[in-house]
Amino acid sequence: MESMRLGNLPSTVFAALLMGSPLSAASLPPPAHLTAQQDHRRMLNLLHIESLRQGADPHHPNAPNAVNYDESKVKPYTLPNALVLNDGQKVATSAMWWNKRRPQLVWMFNQSMYGWVPAHTPKVNWQITGIVHNKIGSYPVISKKLIGHVDDSSYPAIVVNIPLTLVTPANASGPVPVILEFHFVFPKGFKWPKGFHPPAPPPGPTPEEQILAKGWGYAELNPASYQADNGAGLTEGIIGLCNRGQPRRLDQWGTLRAWAWGASRALDYFETDKSVDAKRVAIEGLSRYGKAALVTMAFDQRFSIGLIGSSGEGGAKLSRRNFGELVANLAGAGEYHWMDGNFLKYAGPLTPNQLPVDANELIALCAPRPVFVSCGSPKVEGGWVDDRGQFEAEAAAGQVYRLLGKKGLGPQQMPPMGTALLSGDLAFRQHHGGHTVGPNWPYFLKWAKRYWGGAQRP
Ligand code: GCU
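In this numbering scheme, every chain counts its residues from 1 along its sequence in written order. The model is predicted, so local features are restricted to residues of pLDDT at least 70 and side-chain atom pairs to those at 80 or more, both for listing and for counting; the totals for chains, interfaces and linings are taken over all residues. In computing side-chain values, all of the structure's heavy atoms are included and hydrogens and water are not.

Undergrad: Before we move on, can you summarise the overall build of the protein chain with the specific residues and values?
TA: Per the convention used, a helix needs a DSSP run of H or I reaching at least four residues, while a strand needs a run of E reaching at least two, with both numbered from the N terminus. Scanning the protein chain from N- to C-terminus turns up 13 helices and nine strands. Both definitions apply: the radius of gyration is a C-alpha atom measure, and the globule rule equals 2.2 Å times residues to the power 0.38. Whereas a compact globule of 458 residues would reach a radius of gyration of roughly 23 Å, the protein chain reaches 22 Å, a difference of no more than 12%. Think of it in three bands: residues with accessible area under 20% of the maximum for their type are buried, residues over 50% are exposed, and the middle band is partly exposed, with areas taken using a 1.4 Å probe on protein chains only. Relative to its full complement of 458 residues, the protein chain shows a buried share of 56%. Should any heavy atoms of two residues lie within 4.5 Å, those residues are considered in contact. Put simply, 71% of the contacts in the protein chain that link residues at least 6 apart link residues at least 24 apart. Counting only carbon and sulfur atoms, one obtains 57% of the accessible surface of the protein chain, whose full area is about 19200 Å². Counting rule applied: Lys, Arg positive; Asp, Glu negative; His and chain ends not counted. Note on charges: their place is set at NZ of Lys, CZ of Arg, CG of Asp or CD of Glu. Positive and negative side-chain charges in the protein chain, numbering 44 and 34 respectively, have mean positions lying 4 Å apart. Each accessible area value is a Shrake-Rupley result obtained with a 1.4 Å probe; residue values ignore everything except the protein chains displayed when judging cover.

Below you can see the structure in the form of structure tokens.
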């Protein structure tokens, strides 16, 4: 949206543009440099908000804002109904869903939570930088290394590249389904915080080997490579490039949507690659990338299946449930960049109950496409991601699936730990481990096979 970009330019440049002065892209001012704190404050100033509520504190159990992990202290809440139009009319037909309700929900998620993606984002030119025939475990594969070069001619000061790896079975006789994984890449010298141990992978074949065993392929995308995971990076990466280095307006996209944008560009590439069946591409992610995976599924209807790992607040967890992480945590300077600026209001003066939407509706935006919500055991993973809040959101999304002729979760009560709910088009399982999708992969793949069949289309 041109006006969106112009709105962020310094007034002198804006005036020059209005007067038709031929300012070349290269003469635009350099990217603004704000710390996350400064940019967060800037957003609050734009909202005329002095301060926000504190988030839940997971470290001090006696603090007044100590995180709540007690079911009896969850305050009652009313979920927004995905099948009621904003004017109160019931959504009774699939046509009403597609033509009226879904667009309303998309608008509200854009405006109040995740932000609007600019109407025109720069073109991405995919280049294959290497093709290797190798083996993953015992599976012969073709590994392609790619870089998506983002057109920076509107603002050459910001260069954005999207590295992508695509691995498909070497013996495939045609295009295969692919699982696109948002992939954590830790910077050189990265050390886990003292006392924190990432969960060890479960014994047996890796997820990638399990995928290949089905005759499918996988791809890995590092979202932080095209949009940094912090507020200081908002004037760089793809968001910064679209804003020509200037800070965001209140309703412009946050990092989750930018990460999802990258996944969509990877899918654009798959549509051109004969080894991939682009109609059968899933998106997977864990934690913040679980949120990004759900946002990807919700907004880009070309993705066929979603595996949403421990996504918590801002993902599949109901924001209205005061359990585990809260809206006010997401709105803090360490996480606000995932969202748009308008979202900060709901951490004061407004409350999460005033959010026009909630996670049940985010999952509903994926309908009728299958979504698997995965979490670990609260005993090992902790309650921060609020498994029950994720289950309830998914259960509530079922009504939209049913309206569209599909099946929801089935049981509306949370099943015992380790039970896989796989009979519907919404699936759920809490595994016995920690903050990982690991032990749920076999369940997910078995369920996905129902939709995808083997390597060839059923
Ligand atoms: C923090 C954050 C979560 C996030 C998680 C992660 O715990 O509060 O919202 O999902 O980090 O991505 O690891």
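Undergrad: Could you give an account of the packing of helix α4 (residues 94-114) against helix α8 (residues 288-299), with specific residues and numbers?
TA: Geometry is summarised by axes, namely lines fitted to C-alpha atoms with helices restricted to the contacting stretch, and by angles between N-to-C directions that run from 0 to 180 degrees. Where α4 meets α8, the closest approach of the two axes is 12 Å, and the angle between their N-to-C directions is 145°. Between α4 and α8 the crossing geometry is left-handed. Mapping the contact onto sequence places Arg102, Val106, Phe109, Asn110 and Tyr114 in α4 and Val295, Ala298 and Phe299 in α8. Classifying every residue of the contact of α4 with α8 by side-chain character gives six nonpolar, one polar and one charged. In this scheme the handedness of a crossing depends on how the near helix is turned from the far one: anticlockwise by less than a right angle means left-handed, clockwise means right-handed. Residue polarity is assigned by list, with Asp, Glu, Lys and Arg as charged and Ala, Val, Leu, Ile, Met, Phe, Trp, Tyr, Cys and Pro as nonpolar; anything else, Gly included, falls into the polar class.

Undergrad: Hey, could you go over the environment of leucine 426 for me, with residue numbers and the actual values?
TA: Residue position: leucine 426 is located in strand β9 (residues 426-430). Its relative accessible area of 0% is what places leucine 426 among the buried residues. Residue contacts for leucine 426: discarding those within four places in its chain leaves Ile363, Val371, Glu394, Ala397, Gly398, Tyr401, Lys407, Gly408, Leu409, Leu421 and Trp447.

Undergrad: Quick rundown of the nonpolar core? Include the residues and the values.
TA: Throughout, nonpolar core names a set of buried Ala, Val, Leu, Ile, Met, Phe, Trp, Tyr and Cys residues whose side chains join them through atoms within 4.5 Å. Counting residues in hydrophobic clusters, the biggest one holds 102 residues, and the most contacted among them are Leu164, Leu180, Phe182, Tyr226, Ile238 and Phe270. Apart from the residues lying within four places of it in its own chain, the contact partners of isoleucine 238 are Pro122, Val150, Val160, Tyr226, Gln227, Trp253, Ala258 and Trp261.

Undergrad: An account of the pairing of strand β2 (residues 139-150) is requested, with residue identities and associated values reported.
TA: Strands are treated as partners if at least two bridges between them are detected by DSSP. As defined by bridge partners, strand β1 (residues 124-136) adjoins β2 across 12 bridges and the pair is classed as antiparallel. Among the inter-strand pairings, isoleucine 136 is bridged to a residue of β2, identified as tyrosine 139. The turn linking β1 back onto β2 is made up of two residues, and glycine 137 within it adopts a positive phi angle of 60°. Where β2 meets strand β3 (residues 161-169), nine bridges bridge the pair, whose relative direction is antiparallel. Each residue of the ladder has a partner; that of leucine 146, found in β3, is leucine 164.

Undergrad: How would you sum up the confidence of the model for the protein chain? Please name residues and give values.
TA: Considering every residue of the protein chain, the mean pLDDT works out to 94; 94% of them sit at 70 or more. Per residue, pLDDT captures the predictor's confidence, and it can take any value from 0 to 100. For the protein chain, the element scoring lowest by mean pLDDT is helix α1 (residues 2-6), at 39; helix α10 (residues 359-364) scores highest, at 99. Note that residues 1-7 has pLDDT below 50 and, in this model, 14 contacts with residues that lie over four places away or in other chains. Confidence over residues 11-22 falls short of pLDDT 50; this stretch has 10 contacts with residues more than four positions distant or in other chains.

Undergrad: Break down the environment of phenylalanine 372 for me, with residues and values.
TA: With respect to the helices and strands, phenylalanine 372 occurs in strand β8 (residues 371-375). Residue classification places phenylalanine 372 among the buried positions, given a relative accessible area of 0%. Once residues lying within four places of it in the same chain are set aside, the contact partners of phenylalanine 372 are Gly306, Leu307, Ile308, Leu422, Ala427, Arg429, Asn440, Tyr443, Phe444 and Trp447.

Undergrad: Hey, could you go over the pattern of salt bridges for me, with residue numbers and the actual values?
TA: We count a salt bridge whenever a side-chain nitrogen from Lys or Arg sits within 4 Å of a carboxyl oxygen from Asp or Glu. Tallied over the entire structure, the rule returns 16 salt bridges. Notably, a salt bridge pairs arginine 265 with aspartate 268, separated by 2.6 Å at the nearest N-O pair. Placement of the pair is arginine 265 and aspartate 268 together in helix α7 (residues 255-270), with a separation of three residues, close to one helical turn. Each member of the salt-bridge network shares a partner with another, and the members are Glu71, Glu313, Lys317, Arg321, Asp386 and Arg388.

Undergrad: Outline the site of the ligand, supporting the account with residue identities and numerical values.
TA: We define proximity as follows: a residue is near a molecule or strand when any one of its heavy atoms falls within 4 Å of that partner. Every residue near the ligand is listed here: Ser287, Arg288, Lys291, Glu325, Glu335, Trp338, Trp384 and His435. In the analysis that follows, any N or O atom pair within 3.5 Å is treated as a polar contact, provided that within protein one partner can donate a hydrogen and the other can accept it, and provided that, for residues neighboring in sequence, both atoms belong to side chains. Between the ligand and arginine 288, the relevant distance is 2.5 Å, taken from an oxygen atom to a side-chain nitrogen or oxygen of the residue. Within the contact set of the ligand, an oxygen atom lies 2.7 Å away from a side-chain nitrogen or oxygen of glutamate 335. Coverage of the ligand by the protein amounts to 79% of the 310 Å² it exposes when considered alone. Tallied by class, residues from the shell around the ligand come to two nonpolar, two polar and four charged.

Undergrad: Report on the sheet that holds β9, specifying residues and quantitative values.
TA: Strand order in the open sheet formed by nine strands is β1-β2-β3-β5-β4-β6-β7-β8-β9, and the pairing between neighbours is mixed. One side of each edge strand has no neighbouring strand; the edge strands of this open sheet are β1 and β9. For this sheet, the mean inter-axis angle between neighbouring strands, taken without regard to orientation, is 20°. Lying over the sheet, α7 contacts β1, β2, β3, β4 (176-182), β5 (217-221) and β6 (276-286), oriented at roughly 155° with respect to β4. Contacts from α8 reach β4, β6, β7 (305-309) and β8 within the one sheet, and its direction differs from that of β6 by about 145°.

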